[in-house]
Amino acid sequence: GATIYTNLEPCHHFGKNPPCTNAIIKSGIARVVSAIHDPNPKVNRKGFAALRESGIQVEIGLMEDEAREINEPFLKFVTTQLPYVVLSIAQTSDGRIAQPDGHSQWITSKESRTEVHRLRATYDAVMVGASTVRVDNPQLTVRHIDGRNPKRIIVAGSRLLSRDFNVFTDDDTALTIVVCTPDQAEYYSSFNGITVWEIEKSSDGYPSLTSLLMRAARERITSILLEGGSTLASSFLAHKLVDKIRISTAPMILGAGLPSVNNIGIDRIDRSVRIRGAKYMQVGDDMVTTGYPEWK
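Residues numbered from 1 in each chain as written. Predicted model: local features only at pLDDT ≥ 70, side-chain atom pairs only at ≥ 80, totals over all residues. Heavy atoms only, no water.

Chemist: I keep staring at the state of the cysteines and nothing clicks. Help me out?
Modeler: By definition, a disulfide links the sulfur atoms of two cysteine residues through a covalent bond. Under the counting rule described, the total for this entry stands at zero disulfides. The thiol sulfur of Cys 20 is not disulfide-bonded, and the nearest other cysteine sulfur, from Cys 11, lies at 3.5 Å. (Disulfide = S-S within 2.5 Å.)

Chemist: When you look at the environment of Ile 194 in this model, what are you seeing that I'm missing?
Modeler: Positionally, Ile 194 belongs in the loop between α8 (185-189) and β9 (195-198). For the pair Ile 194 and Thr 176, spaced 18 residues apart in sequence, the C-alpha separation works out to 5.2 Å. (Helix = DSSP H or I, 4+ residues; strand = E, 2+ residues; numbered from the N terminus.)

Chemist: Would you take a moment to explain unusual backbone geometry for this structure?
Modeler: Keep in mind that most residues, glycine aside, have a negative phi and that most peptide bonds are trans. Even without a glycine there, the phi angle at Asn 44 is positive, about 40°. Looking at where Asn 44 falls in the secondary structure, it is placed in the loop between β2 (31-34) and α2 (46-53). When its relative accessible area of 36% is taken as the criterion, Asn 44 is described as partly exposed. A positive phi is found at Lys 240, a non-glycine position, where the angle reads about 55°. You can see Lys 240 is positioned in the loop between α10 (230-238) and β11 (244-250). (Buried < 20%, exposed > 50% of the residue type's maximum accessible area, 1.4 Å probe, protein only.)

Chemist: Could you clarify how one ought to interpret α2 in this entry?
Modeler: Note on helix geometry: an α-helix contains 3.6 residues per turn, so any two residues three or four positions apart are oriented the same way. Regarding α2, the residues found buried are Gly 47, Phe 48, Ala 50 and Leu 51. Each buried residue of α2 lies within a common arc of 160° when the element is viewed along its axis, so the set occupies one face. The inward-facing, buried residues of α2 contact α1 (20-27), β2 and β3 (57-60). Phi turns positive, to about 85°, at Gly 55, one or two residues after α2. (Arc of directions from axis to C-beta. Contact = heavy atoms within 4.5 Å.)

Chemist: Looking at this model, I keep getting lost on the environment of Ala 278. Mind explaining?
Modeler: Locating Ala 278 in the fold gives a position in strand β13 (residues 274-283). Measuring from C-alpha to C-alpha, the distance between Ala 278 and Val 288 comes to 10.0 Å, with 10 residues separating the pair along the chain. Not counting chain neighbours up to four residues away, the residues in contact with Ala 278 comprise Thr 289, Thr 290 and Gly 291.

Chemist: What is the right way to look at the sheet that holds β13 in this model?
Modeler: Strands pair in a sheet through their backbones, by hydrogen bonds, and they do so in one of two ways: parallel or antiparallel. In space, the nine strands of this open sheet follow the order β9-β8-β7-β6-β10-β4-β11-β14-β13, with mixed pairing throughout. Each of the sheet's edge strands pairs with one partner strand only, and the pair in question is β9 and β13. Direction aside, the axes of adjacent strands within the sheet are offset by 20° on average. Pairing geometry for strand β7 (residues 151-155) and strand β8 (residues 176-180), over four bridges, is parallel. Bridging across to β8, Ile 153 finds its partner in Ile 177. Where helix α4 (residues 72-80) meets the sheet, it contacts β4 (84-92), β10 (223-228), β11 and β14 (286-294), and its direction lies at approximately 135° from that of β4. (Pairing = 2+ DSSP bridges. Axes fitted to C-alpha atoms, helices over the stretch in contact; angles between N-to-C directions.)

That's the geometry; what it means functionally is another story.
Structure follows, in structure tokens:
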């Protein structure tokens, strides 16, 4: 006789678990209120139909927008078979992500960095370029909160990375994935414990980003937090492969330094990438802007 509220249509197929609809029907629940239907071809309103056929009242649409935001990575993955990509930028008020020599610790506040760790725990993978590894030697793990560590995708550049960086030597090397071109694969395959994805070169000589995302999807990576640096971020923007943008801006002016974004093939204001549905939140001393890129 109870009512159950769900942010997504209950499934009606066997996957990692038995069908949710079977459990609902067996329980004696009388009413199901779901925010949105599940576009997965294995579901796609079949769950609602099964519930109605069993005499259960079904209502759809409550808090639909909020449910779509909660389920953004899943919805993109099941409809496009590509992972959801969130570009995360930490910058000064004048748009710098590092000083001229690449050093960037720390631009944003401790509270902002803690929030990034919380985000890492919710994504399947975190991705950076080779320059970020070389300059910052990051761990790319979840440390300031309790949470699971994501996979770590390193997009190799033309210069080979040495094997002594944290992502190749710590206790989580099994989470490290190096994306490289065929001519580099043998070198990186000699590293202990990591995974190597050999991706064909694009016209710029680097691994094809589209092929990279297709490979990630085949490995069941449904969401990626792209943390930089500027060259990799700019490439993803130039190829229109970013689904959501998160910019944490610190109240400081550096003057000289590395810009958060380089040339993305746009040189006119009226062709700019607009951030649609922008939301603003203060985290520590920083202002965080999140929204969706709108391509011209």
